[in-house]
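So you can see what is in the structure, the chains are spelled out below.
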Amino acid sequence: GINYIGNPNSQLAGCINDSDTFVSLLEQEFGYDIADIRQLRDDNSEAMPTKSNLITVLQWLVKDAQKGDQLFFHYSGHGASVRDDNSDEPDGKDEALCPSDYESAGLIRDDEVFKLLVAPLPEGAKLTCVLDCCHSGTILDLPFMFKADDQSMAAMESGQASMLANPGFDFGKILQVFKD
């Protein structure tokens, strides 16, 4: 949770509380072991949600993922929409996470989130992400999407829901991950 403590231009209230709520939910309702949870929060100097620490946590989360694993990532803080820096976005904009030190270290753009969190997942591993921030709808740059209209919701209720191809997805991202 990032409340941007001490930054009057971007300070939020409630992000740390949101993070605490999800930690409790994972532990008490879903049986996650607290030792398997990494929580960054900007009121704890030992676990600050800096760009470097967020990247380290994303890498840790997927590092040893295997078929059948259930992974969970929650982010509560600011999100941003900025000019696309590599011409891979149809709308000309990258979406980004804003770490606590974004003013000095920069943002974590959607391309990097995809490379760190989505691309390394093996087949059969499941990742649930809750991104409580602005501009989060496409921050994972996924190849498929679910449109929550009446027809799709009815299909979901009947067990017939399906994912739609994301027309803006650049399959070159997957190839670039393999090259890197």
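Refer to the preceding data block for the structure.
Just so you know, these numbers come straight off a predicted model, no measurement behind them. (Residues numbered from 1 in each chain as written. Predicted model: local features only at pLDDT ≥ 70, side-chain atom pairs only at ≥ 80, totals over all residues. Heavy atoms only, no water.)

Caption draft 1: Structural detail: the overall build of the chain. Helices and strands together make up the secondary structure of the chain, namely six helices and seven strands. Each helix and strand of the chain, placed in order from N terminus to C terminus, yields the pattern α-α-β-β-β-α-β-α-β-β-α-β-α. At 17 Å, the chain has a C-alpha radius of gyration in line with the 16 Å of a compact globule built from 180 residues. With respect to the principal axes defined by its C-alpha atoms, the chain has extents near 45 × 40 × 35 Å. Sequence-distant contacts in the chain: of pairs separated by 6 or more residues, those separated by 24 or more amount to 57%. Counting only carbon and sulfur atoms, one obtains 50% of the accessible surface of the chain, whose full area is about 10,800 Å². Charge-centre separation for the chain: the mean point of 13 positive side chains lies 6 Å from the mean point of 31 negative side chains. (Helix = DSSP H or I, 4+ residues; strand = E, 2+ residues; numbered from the N terminus. Rg over C-alpha atoms; globule rule 2.2 N^0.38 Å. Contact = heavy atoms within 4.5 Å. Areas by Shrake-Rupley, 256 points an atom, 1.4 Å probe, with all protein chains shown as cover. Lys, Arg positive; Asp, Glu negative; His and termini not counted. Charge placed at Lys NZ, Arg CZ, Asp CG, Glu CD.)

Caption draft 2: Structural detail: the sheet that holds strand S4 (residues 108–109). Ordered by their spatial adjacency, three strands build an open sheet running S2-S3-S4, and the pairing between neighbours is antiparallel. Lying at the two open borders of the sheet, with one neighbouring strand each, are strand S2 (79–83) and S4. Pairing geometry for strand S3 (residues 93–97) and S4, over two bridges, is antiparallel. In the strand pairing of S4, Leu97 is matched with Ile108. (Pairing = 2+ DSSP bridges.)

Caption draft 3: Up close: the side chain of Arg41. Mapped onto the elements, Arg41 comes out in the loop between helix H1 (15–29) and helix H2 (51–63). Look past the residues within four positions of Arg41 in its chain and what remains in contact with it is Gly1, Ile16, Asp20, Ala47, Met48 and Pro49.

Caption draft 4: The pairing of strand S1 (residues 70–76), seen in detail. S1 sits mainly inside the fold: six of its seven residues count as buried. Across seven bridges, S1 lies against strand S5 (residues 126–132) in parallel orientation. By the bridge assignment, Ser76 is partnered in S5 with Asp132. (Buried < 20%, exposed > 50% of the residue type's maximum accessible area, 1.4 Å probe, protein only.)

Caption draft 5: Representation of the environment of Ala154 in the model. Looking at the secondary structure, you find Ala154 in helix H5 (residues 150–157). Take Ala154: its relative accessible area is 45%, and that puts it in the partly exposed class.

Caption draft 6: Expanded view of the side chain of Ser76. Tracing the sequence through the fold places Ser76 in strand S1. The class of Ser76 is buried, set by a relative accessible area of 3%. Side chain to side chain, Ser76 and Asp18 meet in a polar contact 3.2 Å long. (Polar contact = N/O pair within 3.5 Å; in protein donor to acceptor, adjacent residues only side chain to side chain.)

Honestly, it's all geometry; don't read function into it.
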